[in-house]
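Reading the structure
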There are 2 protein chains.
Amino acid sequence: MERVGLLGTGIVGRTLAARLAELGVDVVVGARSAESSSLEAFADLDVRTGSFADAAAHADLVVNATNGVNSTAVLESIGAEALAGKTVVDLSNELVPREGGGFPVPTATAESSVGRRLQEAFPETYVVKSLNTMNCAVMADPSIVPGDHVVFLSGDDAGAKDRVRELLATFGWRPEQMVDLGGIETASATEMMMSVWMAVTIARGHDAPRFNWAVNAP
Amino acid sequence: MERVGLLGTGIVGRTLAARLAELGVDVVVGARSAESSSLEAFADLDVRTGSFADAAAHADLVVNATNGVNSTAVLESIGAEALAGKTVVDLSNELVPREGGGFPVPTATAESSVGRRLQEAFPETYVVKSLNTMNCAVMADPSIVPGDHVVFLSGDDAGAKDRVRELLATFGWRPEQMVDLGGIETASATEMMMSVWMAVTIARGHDAPRFNWAVNAP
């Protein structure tokens, strides 16, 4: 994995940018504008920064680490033409505030997901849902969790999935940890896991988000 | 665990009845009527059979192994008075057919679940959601899957959860495999896992449902 365009400047973007830079990958991190103050948090890393469009133009593999609430608008700001033929790894989850407080609520249903909506909105782009079922520290370095815990892939294009597997391998994921669930419609299944992810995080308490799902079988 | 009332005569009911009988538990399996033809499938087991009400009357611990689509009606047929003070372990998932075919769709959302609806409909009964995130062969004998795979518990009453832990231990679940997620509202989280459960089952292919989730952590 030589070059990655990374969309998003939150904790997920920051964690992945730091890890990719450490691994020698040539990264451009994109924000709403190349002058966005959110990009200051990347000044100490060996990455370049720019607009969302700058990040997307940098590589054939684009990582969507924006909030799922904004992801469609972010890709629209880049434009379908600029994204045509590229692979977008979609890490996002869409959460909305719960009435009366408490943990936010995932909007995904069996019929609807951010991943599927992005694929439908950008038919000439290869959207692959992945890495959205874990904390970003685990995404970036799976060796922090023991055993054969898993990362799911959902997407319609086999070649795009291979490019995502290459990114995953760069982070340290082993092939036997990568579970291909099928087409992009299966992004619903993993986005719906956000509810149980939050429930387990609360139940675990201390150092809570540093876990991942495994599929144990005989 | 001495006595269990078991509601439901499908594959889940049959599997659990066989296992409980083998373990020496005194079981009454309930169906819509004591003369229901579905009870013939239990004739070779060391259990008694009867109506749903007969099964509920038999024990303080009642296992709901009916289809989630019917569970409210089944409990209503028994009646709130007969169920008052009892613990109902709710194993159900509610799935509806998908338009145009394909795997059915779970109806659970972050705000709605079968477990929570049952608790709201029967406030004097202790509903504990559990075992609904795996195939019934794994429910009944967790030793068929290696490692520290997990069973979740959601419910509002600590004493009722202890009775369910006792049932789980009877099946062979170890305490460290039991993950208490909190109140009955967290049943949403595990019922929403049915989508990813089905996706993983399809992806696994051969001997597909014989797996379970683990929560790997440092």
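Just so it is clear, the structure is predicted and the values come from calculations on it, not from any experiment. (Residues numbered from 1 in each chain as written. Chains lettered and ligands numbered in written order. Predicted model: local features only at pLDDT ≥ 70, side-chain atom pairs only at ≥ 80, totals over all residues. Heavy atoms only, no water.)

1. Let's talk about the overall build of chain A
Defined as follows: Think of it this way: any DSSP run of H or I at least four residues long counts as a helix, any run of E at least two long counts as a strand, and we number them from the N terminus. In this description the radius of gyration comes from C-alpha coordinates, and the expected globular size is given by 2.2 Å times residues to the power 0.38. Relative accessibility thresholds used throughout: buried, under 20% of the residue-type maximum; exposed, over 50%; partly exposed, between the two (1.4 Å probe, protein chains only). For every accessible area listed, the method is Shrake-Rupley and the probe measures 1.4 Å; residues are considered covered only by the protein chains on display. Charge counting follows a simple rule: Lys and Arg are positive, Asp and Glu are negative, and His as well as the terminal groups are ignored. Note that the charge is assigned to NZ on lysines, CZ on arginines, CG on aspartates and CD on glutamates.
Of the regular secondary structure elements, chain A holds nine helices and eleven strands. For a compact globule of 218 residues, the expected C-alpha radius of gyration is about 17 Å, and chain A comes in at 16 Å, within 12% of that figure. Dimensions along the principal axes, computed over C-alpha positions, put chain A at roughly 45 × 40 × 35 Å. Residue burial in chain A is summarised as follows: out of 218 residues, 54% are buried. When the accessible surface of chain A is totalled, it reaches about 8600 Å², and 50% of it is carbon and sulfur. Considering chain A, the positive charge centre built from 16 side chains and the negative charge centre built from 28 side chains are found 4 Å apart.

2. What about helix 9 (residues 194–204) of chain B?
Each full turn of the α-helix corresponds to 3.6 residues, which orients residues three or four apart in the same direction. All names here are of chain B. With respect to burial, helix 9 is a largely interior element, eight of its eleven residues being buried. Residues M194, S195, V196, W197, M198, A199, V200 and T201 constitute the buried set of helix 9. One or two steps after helix 9, the chain reaches G205, where phi turns positive at roughly 75°.

3. Things to note about the packing of aromatic side chains
All names here are of chain A. Under the convention used in this document: Here a pair means two rings of Phe, Tyr or Trp (six-membered ring of Trp) with centres within 6.5 Å. Their orientation is stacked below 30 degrees between planes, edge-to-face above 60, and tilted elsewhere.
The final tally for this structure, using the stated rule, is four aromatic pairs over all chains. When the ring of F211 is compared with that of W213, the centres are 5.4 Å apart and the planes differ by 90°; the resulting orientation is edge-to-face. With respect to class, F211 is no different from W213; both count as buried. Feature note: the residues W197, F211 and W213 constitute an aromatic cluster, connected by ring pairs.

4. What about the UniProt feature "domain: Pyrroline-5-carboxylate reductase catalytic N-terminal" (unreviewed entry) in chain A?
To keep things clear, this is the line we draw: UniProt positions are given in the numbering used here, feature names are shortened, and annotations may be inferred rather than shown by experiment.
The positions UniProt marks with the feature "domain: Pyrroline-5-carboxylate reductase catalytic N-terminal" (unreviewed entry) are residues 3–93 of chain A. As a span, residues 3–93 of chain A carries 34% helix and 25% strand, and end to end its C-alpha atoms are 24 Å apart.

5. With respect to helix 1 (residues 11–22) of chain A
Residue and element names in this part refer to chain A. Heads up, the rule is: Multiply 1.5 Å by the residue count of a helix minus one, and that product is the helix's expected span. For this analysis, residues touch if any pair of their heavy atoms sits within 4.5 Å.
Relative to the 16 Å expected for twelve residues at 1.5 Å per residue, helix 1 spans 17 Å between its end C-alpha atoms, a close match to the ideal helical length. Among all positions in helix 1, only G13, L16, A17, R19, L20 and A21 are buried. For helix 1, the secondary structure elements touched by its buried residues are strand 1 (3–7), strand 2 (26–31), strand 4 (61–64), helix 6 (136–140) and helix 7 (158–171).

6. Points about the relation of the copies chain B and chain A
The test is simple: When the copies are overlaid, the least-squares fit takes in C-alpha atoms only where the residue has pLDDT of at least 70 in both copies.
Mapping chain B onto chain A calls for a screw motion: a turn of 180° about the axis and a shift of 0.0 Å along it, with 0.0 Å RMSD after fitting. Considering both components of the superposition, the chain copies are consistent with a two-fold axis. When C-alpha distances to the rotation axis are compared across chain B, the minimum falls at A214 of chain B, with a value of 2.4 Å. Interface overlap between copies is the fraction of interface residues in one copy that are interface residues in the other; for chain B against chain A it reaches 100%, indicating a shared surface.

7. Focus: the sheet that holds strand 8 (residues 126–130) of chain B
Residue and element names in this part refer to chain B. The line we're drawing: By definition, two strands form a pair when at least two bridges between them are found by DSSP. A fitted line through C-alpha atoms represents every axis, and for helices the fit uses only the stretch in contact; the resulting angles, taken between N-to-C directions, go from 0 to 180 degrees.
With mixed pairing, eight strands are arranged side by side in an open sheet as 3-2-1-4-5-8-9-10. Where the open sheet ends on each side, the last strands, each with one partner, are strand 3 (48–51) and strand 10 (178–182). Taken over all neighbouring pairs, the strand axes of this sheet differ in orientation by 25° on average, direction set aside. Here five bridges tie strand 1 (residues 3–7) to strand 2 (residues 26–31), and the two strands are oriented parallel to one another. Its bridge partner being in strand 2, L7 is matched across the sheet by G30.

8. As for the interface of chain B and chain A
Quick reminder of the rule: In this description, buried area is defined as the sum, over both parts, of the accessible area (probe of 1.4 Å) that is lost when the two are combined. Salt bridges, as used here, are contacts in which a Lys or Arg side-chain nitrogen is within 4 Å of a carboxyl oxygen on Asp or Glu. Under this definition, polar contacts are N or O atom pairs within 3.5 Å; protein pairs additionally need one hydrogen-donor-capable and one acceptor-capable atom, and for neighbouring residues in sequence, both atoms have to be side-chain atoms. Three classes are used, and their members are as follows: Ala, Val, Leu, Ile, Met, Phe, Trp, Tyr, Cys and Pro are nonpolar, Asp, Glu, Lys and Arg are charged, and the others, Gly among them, are polar.
Contact residues are listed per partner, giving 34 residues for chain B and 34 residues for chain A. Interface area, chain B with chain A, both sides summed: about 2700 Å², of which 68% is carbon and sulfur. Per-residue buried area on chain B facing chain A is highest for M192, N216 and P218 of chain B; these three make up 20% of the total on that side. Taken together, the links from chain B to chain A amount to two salt bridges. The interface formed by chain B and chain A includes seven residue pairs in polar contact (both at pLDDT 80 or more). Elements supplying a minimum of two residues to the side of chain B that touches chain A: strand 7 (105–106), strand 10, helix 8 (187–191), helix 9 and strand 11 (212–216) of chain B. Per element, the largest residue contribution to the side of chain B that touches chain A is six residues, and it comes from helix 9 of chain B. When grouped by side-chain class, the residues that make up the side of chain B that touches chain A number 22 nonpolar, six polar and six charged. Pairing analysis gives five bridges linking strand 11 (residues 212–216) of chain A to strand 11 of chain B, with the strands arranged antiparallel. Within strand 11 of chain B, the residue paired with N216 of chain A across the bridge is N212 of chain B.

9. Describing the sheet that holds strand 5 (residues 87–90) of chain A
All names here are of chain A. Strand order in the open sheet formed by eight strands is 3-2-1-4-5-8-9-10, and the pairing between neighbours is mixed. In the strand order of this sheet, the two ends are held by strand 3 (48–51) and strand 10 (178–182), each with one partner. Looking at each pair of strands side by side, their axes are set apart by 25° on average, direction ignored. Strand direction decides the pairing type here: strand 8 (residues 126–130) and strand 9 (residues 151–155), joined by three bridges, are antiparallel. The residue bridging V128 from the neighbouring strand is G155, located in strand 9.

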